[in-house]
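# What the coordinates show
Chain by chain, the residues run as shown.
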Amino acid sequence: MPEGRHVAIIGAGAVGVISAIEALREGHRVTLIDPGEPGGEQAASYGNAGWLSSHSVIPPSEPGVWKKVPGYLLDPLGPLAIRWSYLPKALPWLVKYLLSGWTEARVETTASALRDLLKDAPLLHKKLAEEAGVPELIERNGVMHVFTSRGNFDNDLGWRLRKKLGVEWLELNADEMRQREPDLHPRYTFGVVVEEAGRCRDPGAYVAALAAHAIASGAKHVRAKATGLKLNGDKLVAVLTETGEIACDAAVVAAGARSKQLTASVGDSLPLETERGYHVMIEKPEVGPRSSMMVSDAKMVVNWTDKGLRAAGTVEIAGLEAAPNWKRAEILRNHLLGMFPKLPKDIPASRIKTWFGHRPSMPDGRPCIGYARASRDIVYAFGHGHVGLVGSARTGRLVAQLLSGKQAEIPLAPFAPDRFL
Ligand SMILES: Cc1cc2nc3c(=O)[nH]c(=O)nc-3n(C[C@H](O)[C@H](O)[C@H](O)COP(=O)(O)OP(=O)(O)OC[C@H]3O[C@@H](n4cnc5c(N)ncnc54)[C@H](O)[C@@H]3O)c2cc1C
């Protein structure tokens, strides 16, 4: 494939902007297409928990998860909820989701593939942040998982698989936990510290800085909503937008949870769903954790950001258009107050911010990274689900390698976009 192609990148979330930086590095000309501000609130890349956890390799669907489905349907405020009204639409995706995690071997296949994608991610992000002039936004000090009992950890398939894949960690008993985290509720009696992991202190600001860096390096940002891709035979000629066509030699579909319509325009009907998530953020909190932590019982991550203490997580299957259920954010807030009893219960509303957004999720927990079936001028890079911030760094490199027709630096078969077709 020729160098110096004009590449249109659709979507300026973490995946799109890092793909832009890496494509420019390969000598391509780049146009970033996004109706919104890069790093803005419309993107999942803005409101996520900020974990750069190279060990987050276990897909959401595991053996036996089907037994929990009735609970998902009955409790609209549970850590994973499915809205009844959306069930018929979600059903084909849900079936694939359950099947993807049906056996331990399937989960292991995904974990091993994600390990390839995420390995060294904190270092890759640190280098990108340095390049963009914001090194302080990426920290590589490890993260902590906290449990109410050691049993919850010992019985977990995920940790067994992580060990098999070479992830190392430090275990903390109740006393060690208290020393490290004096303000954490004493019901948390066991902790695991993964030192290889990192965190981002402000994901929105990080993506905005990466986009500014791409633009300073020659990329152009066109504020438009892409509606499709135009082919002449197997040759891409343009990206169609609401305001006209943008002629180009190649395109990258990185529109997060909204990528489905774009792939459909060239004949790929892919099972991409949104796993909606929420965050709550307390500005200037009185106390909080010393480390960034994942709370096993609440299924949420608590992370300090430059704007406040953020608790983010939970999954809601309700599609792209339904209104948010802000009670879910209230639950995150209540968990946070319960975890840190010294946080006042009457924090004024003016100090609490909430957000909701769309994880772009494939049923097996693996993103799509590869060529469209109709043309090798089109590269797909979406579907990163719960690991899109951490996974964006290597994804950007892979996209650039595909655009240049080079050998990808990791095996791409597990991420093949047509694996469900
Ligand atoms: C609550 C929550 C917590 C999370 N925590 C973490 C975490 O700790 N660590 C982690 O690694 N991941 C986390 N994630 C997942 C992560 O945020 C996502 O996987 C990741 O941000 C996806 O990035 P993206 O660039 O693919 O999509 P997005 O960030 O959603 O960006 C897509 C962009 O495409 C644009 N777009 C959409 N449609 C079009 C169109 N038609 N034309 C042009 N542009 C378009 C949008 O405006 C948007 O800017 C979390 C997600 C949530 C919701």
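Residues numbered from 1 in each chain as written. Predicted model: local features only at pLDDT ≥ 70, side-chain atom pairs only at ≥ 80, totals over all residues. Heavy atoms only, no water.

### As for the packing of aromatic side chains
- Tallied over the full model, the rule gives twelve aromatic pairs.
- Judged by centre distance (6.0 Å) and plane angle (85°), the rings of Phe 153 and Trp 169 are edge-to-face. You can see Phe 153 sitting in helix α7 (residues 150-154) and its partner Trp 169 sitting in the loop between α8 (157-164) and β7 (170-172), a full 16 residues away along the chain.
- Assessed through its relative accessible area of 18%, Trp 169 is described here as buried.
- Aromatic side chains Tyr 278 and Trp 326 sit 5.8 Å apart centroid to centroid with 85° between the ring planes, which places their arrangement in the edge-to-face category. Of this pair, Tyr 278 sits in strand β15 (residues 273-282) while Trp 326 sits in the loop between β18 (308-317) and α12 (327-339), and the two are 48 residues apart along the sequence.
- Judged by its relative accessible area of 1%, Tyr 278 is buried.
- Through successive ring pairs, a cluster of aromatic residues spans Phe 147, Phe 153, Trp 159, Trp 169 and Phe 190. (Phe/Tyr/Trp six-rings, centres within 6.5 Å; stacked < 30°, edge-to-face > 60°. Helix = DSSP H or I, 4+ residues; strand = E, 2+ residues; numbered from the N terminus. Buried < 20%, exposed > 50% of the residue type's maximum accessible area, 1.4 Å probe, protein only.)

### What about the packing of helix α6 (residues 121-131) against helix α10 (residues 203-216)?
- Relative orientation of the contacting elements α6 and α10 amounts to 60°, with a least axis distance of 9 Å. One way to sum up the angle between α6 and α10 is to call them oblique. Crossing of α6 over α10 shows left-handed handedness. Only Tyr 206, Leu 210 and His 213 of α10 make contact with α6, whose side of the interface consists of His 125, Leu 128, Ala 129 and Glu 131.
- Along the lines of polarity and charge, the residues of the contact of α6 with α10 split into four nonpolar, two polar and one charged. (Axes fitted to C-alpha atoms, helices over the stretch in contact; angles between N-to-C directions. Parallel < 35°, antiparallel > 145°, perpendicular 65-115°, else oblique. Left-handed = near helix turned anticlockwise from the far one by under 90°. Contact = heavy atoms within 4.5 Å. Nonpolar A, V, L, I, M, F, W, Y, C, P; charged D, E, K, R; others polar.)

### Considerations on the domain arrangement of the protein chain
- The domain boundaries assigned to the protein chain delineate domain 1 (6-47 + 205-271 + 364-420) and domain 2 (58-119 + 136-198 + 273-361).
- Relative to domain 2, the C-alpha centre of domain 1 lies at a distance of 27 Å.
- On the side of domain 2, 29 residues touch domain 1, which itself brings 31 residues to the contact.
- Between domain 1 and domain 2 lies a buried interface of about 2600 Å² when both sides are counted; carbon and sulfur atoms form 65% of it.
- Contact with domain 2 buries area across many residues of domain 1, yet Gly 47, Ala 257 and His 386 alone supply 20% of it, more than any other trio.
- Along the contact surface separating domain 1 from domain 2 lie one salt bridge.
- Between Arg 258 and Glu 321 there is a salt bridge, with its nearest N and O atoms 3.5 Å apart. (Domains from an automatic or database assignment. Buried area = accessible area lost by both parts, 1.4 Å probe. Salt bridge = Lys/Arg side-chain N within 4 Å of Asp/Glu carboxyl O.)

### Observations concerning the pairing of strand β12 (residues 235-241)
- Pairing geometry for strand β11 (residues 226-232) and β12, over six bridges, is antiparallel. Paired with Leu 229 across the two strands is Val 239, which belongs to β12.
- Hairpin remark: β11 followed by β12, antiparallel, with two residues in the connecting loop; positive phi at Gly 233, about 65°.
- Two elements, β12 and strand β13 (residues 244-247), share four bridges in a ladder whose sense is antiparallel. Residue pairing in the sheet places Val 239 in a bridge with Ile 246 of β13.
- Where β12 folds back onto β13 in an antiparallel hairpin, the turn is made up of two residues. (Pairing = 2+ DSSP bridges.)

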